[in-house]
Amino acid sequence: MKSKHDRRLIIVGVLVFIGVVLLVATVVLTCTALFTWLEASGGSPRLNVWEIRGELPPENASIIHLTEKDFEQHPALDSAIRGDNRGPGAWYSGDTPYGVLDERTIGSAPVTYLEREVLIESFGPNVEARNQPYIEYEGAYYYFLILIP
Amino acid sequence: MEEDKNPKSRNQLKTAGIVLACGLAVAVAVVLGFMLADALIVYAYESSGGQPMLYVMERAEPGESMVVPLTGQDFADHPALDAVIRGEERNPSAWEWGYRDQRVIGGTKVSYRESKALHDAYGPQGERGLYPLMEYEGAYYVVLTTWP
């Protein structure tokens, strides 16, 4: 009689153990997934690329010539300049980091905050001197700005 | 045998057992929950079609960050890190862009799993979430992983 009672107690104990494990695991899983989703849906910075024309860069200007390796390592820049996100607008005369020039929008692509930092470290501007390089690809000159939501 | 005769002591033992079992259950559950969540998040990202990237930034000065030497084992465990720091993916930018005390050394495409492994090994650590600086041949590197 006693051993039967003990066995039942053990079974109930094991079931409760499994129940608690499943319950807490579900709560942790849901919370982690929810926080990750909320973090991801908070909006991301956007890379916007413009092309400029007219005056060639002055002699002492810094020019970065984009290579295949650059495009490979910065997929967002690739997609905005020559990929799916390329969609050139009409030319207009506007304010650029180099003064008032003829410019047009070329494309834009979402980037993460880390990618934004990496793009700025790779292609400018120089944060302290506020100097923006000219980005050249196939004879055309570009500059980009990354807007934060 | 004596416990059987003393119901109070037996009850205490039972309570202690239940508390211990619950504690163990919660601990197991938390670990299990995090493992499942990690697996689920990696799976969800993998099916999203985005491309995670690995970037390595070089710092001119170590500052107050923790410095950890990179060993041959690190490069063997993470071929992507090897390729960026000393292989074909090395493509350093000029120091002058961005902040002068850091520059990008290179980057490469990685899978979500590799990215997670790199983040766990070289990502932000401790309460302050500081990136450890990885030292290799006298240069200091920060390993960054991005998930689109």
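Residues numbered from 1 in each chain as written. Chains lettered and ligands numbered in written order. Predicted model: local features only at pLDDT ≥ 70, side-chain atom pairs only at ≥ 80, totals over all residues. Heavy atoms only, no water.

K.L.:
Break down the nonpolar core for me, citing the residues and quoting the values.
P.N.:
Among the nonpolar cores identified, the biggest contains 22 residues, and Leu 47, Val 49 and Phe 144 of chain A are the most heavily contacted of them. Counting only elements with at least two residues in this core, the list comes to strand E1 (46–53), helix H3 (75–81), strand E4 (99–110), helix H4 (113–123), strand E5 (134–137) and strand E6 (140–147) of chain A. In contact with Val 49 of chain A, not counting residues within four places along its chain, are Leu 77, Ala 80, Ile 81, Arg 104, Thr 105, Ile 106, Gly 107, Tyr 142, Tyr 143 and Phe 144 of chain A. Counting residues in each nonpolar core, the second largest holds 17 residues, with Ala 80, Val 84, Met 134 and Val 143 of chain B among its members. (Core = buried A, V, L, I, M, F, W, Y, C linked by side-chain atoms within 4.5 Å. Buried < 20%, exposed > 50% of the residue type's maximum accessible area, 1.4 Å probe, protein only. Helix = DSSP H or I, 4+ residues; strand = E, 2+ residues; numbered from the N terminus. Contact = heavy atoms within 4.5 Å.)

K.L.:
Account for the sheet that holds strand E3 (residues 102–109) of chain B, with residues named and values stated.
P.N.:
Pairing within the open sheet is mixed, and its five strands lie in the order E2-E4-E5-E1-E3 (chain B). Edge positions in the sheet fall to strand E2 (67–69) and E3 of chain B, since each has one partner strand and no second. Averaged over all pairs of adjacent strands, the angle between strand axes in this sheet comes to 35°, irrespective of strand direction. The sheet contact formed by E2 of chain B and strand E4 (residues 133–136) of chain B spans three bridges and is parallel. By the bridge assignment, Val 68 of chain B is partnered in E4 of chain B with Met 134 of chain B. Here H4 of chain A sits on the sheet in contact with strand E1 (53–59), E3 and strand E5 (139–146) of chain B, set at roughly 120° to E3 of chain B. (Pairing = 2+ DSSP bridges. Axes fitted to C-alpha atoms, helices over the stretch in contact; angles between N-to-C directions.)

K.L.:
Now, about the interface of chain A and chain B: what can you tell me, with residues and values included?
P.N.:
Each partner contributes to the interface: chain A provides 38 residues, whereas chain B provides 42 residues. Here chain A meets chain B over a buried area of about 3300 Å², counting both sides, of which 66% is carbon and sulfur. Considering only the surface of chain A that becomes buried against chain B, Gln 73, Leu 114 and Glu 121 of chain A emerge as the three largest contributors, covering 21% of it. Inspection of the region where chain A meets chain B yields one salt bridge. When the shortest N-O distance is used, the salt bridge between Lys 69 of chain A and Glu 89 of chain B registers 3.3 Å. (Buried area = accessible area lost by both parts, 1.4 Å probe. Salt bridge = Lys/Arg side-chain N within 4 Å of Asp/Glu carboxyl O.)

The values reported here are purely geometric and, on their own, carry no functional implication.
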